[in-house]
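If you want the building blocks of each chain, they are given just below.
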Amino acid sequence: MLLTKDAFGEDFTWGVSTAAYQIEGAHNQGGKGHSIWDIFVKKKNKIFQNQHGDTACDFYNRYTQDLYLMYSLNIPNYRFSISWSRILPNGIGEVSEDGIDFYNRLIDFSLELGITPWVTLYHWDLPDALEKKGGWVNRDIKEWFGNYVSLCVAYFGDRVKNWMVLNEPMVFSAAGYFFGVHAPGRKGLDNFLAATHHAALTQTQGARVIKSMQKDSNVGTTFSCSHIEPFRMKEKDILAARRVDALLNRLFIEPLLGLGYPTADIKTLNRIEKYMKQNDEKDLIFNMDFIGVQNYTREIIRHATFVPFLQAKIVSAKERKVEMTAMNWEVYPESMYHVLRKFSAYPNMPPLIITENGAAFPDQVENNQVDDPQRIKYLQHTLEQVIRAKQEGVKVNGYFVWTFLDNFEWAEGYHPRFGLVYVDFQTQKRIVKSSGHWYANFLK
Ligand code: BGC
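The present account deals with the structure reproduced in this document.

1. Some points on the sheet that holds strand β7 (residues 290–294)
At step 1: With respect to topology, eight strands assemble into a closed barrel ordered β1-β2-β3-β4-β5-β7-β10-β13, the strand pairing being parallel. The sheet shows a mean angle of 25° between the axes of neighbouring strands, taken without regard to direction.
At step 2: Alignment of β7 against strand β10 (residues 352–356), held across four bridges, turns out to be parallel. From the neighbouring strand, V293 faces β10, where its bridge partner is I354.
At step 3: Seen against the sheet, helix α5 (residues 97–112) touches β2 (77–81) and β3 (116–122) and runs at an angle of roughly 170° to β2.
At step 4: Packed on one face of the sheet, helix α14 (residues 334–344) meets β5 (218–224), β7, β10 and β13 (396–402) and runs near 140° to β10.

This is how it looks when you write it as structure tokens:
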């Protein structure tokens, strides 16, 4: 079947996604304050080959050229994130006029090219000044964030209508506050549970602030989701898979929908009680205009007695000897279908938008070209799964490719290349990959 854009309908939103720390660089330009990522990358052996995002794609200085490239590829919507410490160097207090100016120019030039901005308010780069006060473990983050969001709406809301409050709270609270493999590098259950609860409260606080200031706004928030399957059809593996599903897929959407945390499947989550205050249960609920679904792979789970709290572990793609991406993730486009079905099955679920999907492969430059048939195949197969879900009645209204430019892939550094556009990080030269040309053609 040859899939065309028309099959998705006229109202379907197409775009690409990026995140500030992964592309902007200019870590000390324009009066920017340090974020937790600026600090974390300087610690020894946290990031692959001790790489960092100081320069990344230098998007801060090259955004006109990059937006022009986006325009030339027929991309009508651009999801990017605002770096909190670029506009509020200390997270609260004094505003950086240069920071505001940068995002004003970025928004204005996008609009001039006919590209609609979709703004993520938090894609993991917390101002370090706030981390020093406890970061996501401190309940005051709800107020700090609310204040930052109100500034963003006040400065940019005359031109920006589409907002995403948080990017994948499950990932930043687990990787950043439980495993310590992402910034700020904190560990332990208490940090994780506090960060989780405060992120869940903050996601609705942010949305309330936007709605109170901008009635015609389109407000959502984004979640990482993976289809989960048990390794064997045995009770122990099935139960282990259910626990992992509760953690990876249900932890943030269920309190948002008024269902509370999935404590029945993960007993340890009962300890969140400790951070709950009066009215929190109500405050965790908000009727979003859309939910951002971000899917890359599936996970196969088996029972593991010695893994604390979960008694479960992932059976890696390597062990299973299946096709993998450069992230060692299984190539499994059907996962998208399953997560769309799963999310849309909740009662009163707002429409879904796929705010991230893509794959990293070891792209090579040959004769000034980058041919990446594996990525084209992955994107095409995933879109077939989106149509499959849509035909079965799932309300899914948009799709954003992760990502536009090869960029800084967090703890993995620069080696996993996810872009539709290849970046030579020595020279900052861009080469549109064959997947970029394919997407341009698809969108034409
Ligand atoms: C994140 C991106 C990341 C991508 C690929 C998502 O979890 O939002 O920042 O680069 O996945 O790992």
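So much for the structure itself; the text now carries on.
2. Observations regarding the site of the ligand
At step 1: Close contacts around the ligand come from 13 residues, with Q22, H123, N167, E168 and E409 the closest.
At step 2: Here an oxygen atom of the ligand sits 2.5 Å away from a polar atom, N or O, in the side chain of E168.
At step 3: One of the side-chain N or O atoms of E356 is found 2.9 Å from an oxygen atom in the ligand.
At step 4: Relative to its unbound accessible surface of 310 Å², the ligand loses 94% to contact with the protein.
At step 5: Classifying every residue of the shell around the ligand gives six nonpolar, four polar and three charged.

3. A closer look at empty space enclosed by the protein
At step 1: Counted under the stated rule, the structure contains three cavities of 30 Å³ or more.
At step 2: The volume enclosed by the largest cavity comes to roughly 60 Å³.
At step 3: Around the largest cavity sit 13 residues that line it, and A20, Y21, E24, K32 and R86 are the ones nearest its centre.
At step 4: Here the lining of the largest cavity is built from residues that sort into two nonpolar, six polar and five charged.

4. Observations regarding the pattern of salt bridges
At step 1: As enumerated under the stated definition, the model contains 27 salt bridges in all.
At step 2: D190 is the salt-bridge partner of K274, the closest N and O atoms lying 3.4 Å from each other. Of this pair, K274 sits in the loop between α11 (253–256) and α12 (280–283) while D190 sits in helix α9 (residues 189–213), placing them 84 residues apart in sequence.
At step 3: The exposure class assigned to D190 is partly exposed, which follows from its relative accessible area of 42%.
At step 4: In this structure, the salt-bridge partner of D245 is K342, at a minimum N-O distance of 2.8 Å. Taken together, the positions of D245 in helix α10 (residues 235–250) and K342 in helix α14 put the pair 97 residues apart, joining distant regions of the chain.

5. Regarding the pairing of strand β15 (residues 429–432)
At step 1: When strand β14 (residues 421–424) meets β15, the two strands line up antiparallel, connected through four bridges. Among the inter-strand pairings, D424 is bridged to a residue of β15, identified as K429.
At step 2: Linkage of β14 to β15, two consecutive antiparallel strands, is achieved through a turn of four residues, within which Q428 is found at a positive phi near 65°.

6. A few points about the side chain of S110
At step 1: With respect to the helices and strands, S110 occurs in helix α5.
At step 2: Accessibility expressed as a relative area gives 0% for S110, which makes it buried.
At step 3: Of the polar contacts made by the side chain of S110, one reaches the backbone oxygen of L106; its length is 2.8 Å.
At step 4: The contacts of S110, once residues within four sequence positions are left out, are L67, Y78 and I115.

7. A word on the packing of helix α3 (residues 59–72) against α5
At step 1: Across the interface, α3 lies against α5 with an axial gap of 10 Å and an inter-helix angle of 5°. Between α3 and α5, the interaxial angle falls into the category roughly parallel. Residues F59, Y60, Y63, T64, L67 and Y68 of α3 pack against F102, R105, L106, F109 and S110 of α5.
At step 2: Along the lines of polarity and charge, the residues of the contact of α3 with α5 split into eight nonpolar, two polar and one charged.

8. Observations concerning the nonpolar core
At step 1: Counting residues in each nonpolar core, the largest one holds 138 residues, and the members touching the most others are W37, Y78, Y122, W136, Y148, L340 and Y439.
At step 2: When neighbours within four sequence positions are excluded, Y78 is seen to be in contact with V16, T18, I23, F59, L67, M70, L106, S110, I115, T116, P117 and W118.

What counts as what
The residue numbers shown here count from 1 along each chain, following its written sequence. Note on the predicted model: pLDDT of at least 70 is required for a residue's local features to be given, and 80 or more for side-chain atom pairs to be given and counted; whole-chain, interface and lining totals, by contrast, use all residues. Excluding hydrogens and water, the side-chain figures rest on all heavy atoms present in the structure. A pair of strands is labelled paired if DSSP reports no fewer than 2 bridges between them. Helix and strand assignments come from DSSP, with helices taken as H or I runs of at least 4 residues and strands as E runs of at least 2, each series counted from the N terminus. To define axes, lines are fitted to C-alpha atoms, for helices over the stretch in contact only, and angles between the resulting N-to-C directions are given on a 0 to 180 degree scale. Here a residue-residue contact requires only that any non-hydrogen atoms of the pair lie within 4.5 Å. Definition of nearness: a residue and a molecule or strand are near each other if at least one heavy atom of the residue lies within 4 Å of the molecule or strand. Here a polar contact is recorded for every N or O atom pair within 3.5 Å, except that within protein the pair must consist of a potential hydrogen donor and a potential acceptor, and residues adjacent in sequence are included only if both atoms are side-chain atoms. In this description, accessible areas are obtained by the Shrake-Rupley approach with a 1.4 Å probe, and a residue is regarded as covered only by the protein chains that are shown. Residues were grouped as follows: Ala, Val, Leu, Ile, Met, Phe, Trp, Tyr, Cys and Pro as nonpolar; Asp, Glu, Lys and Arg as charged; and all remaining residues, including Gly, as polar. A cavity here means a set of points on a 1 Å grid, drawn over the protein atoms and nothing else, where a 1.4 Å probe fits but cannot get out; a pocket is an open set with protein on both sides within 12 Å along at least five of seven lines, and a residue lines either one if it has an atom within 4 Å of a point. Grid points are joined across faces, edges and corners, and a volume is the space filled by probe spheres set on the points. Throughout this description, the term salt bridge denotes a Lys or Arg side-chain nitrogen within 4 Å of a carboxyl oxygen of Asp or Glu. Here the term buried applies to any residue with accessible area under 20% of the maximum for its type, exposed to any over 50%, and partly exposed to those in between, with areas from a 1.4 Å probe on protein chains only. Angle categories are assigned with fixed cut-offs, so that under 35 degrees is roughly parallel, over 145 is roughly antiparallel, 65 to 115 is roughly perpendicular, and the rest are oblique. Buried residues of nine kinds, namely Ala, Val, Leu, Ile, Met, Phe, Trp, Tyr and Cys, make up a nonpolar core once their side-chain atoms join them within 4.5 Å.

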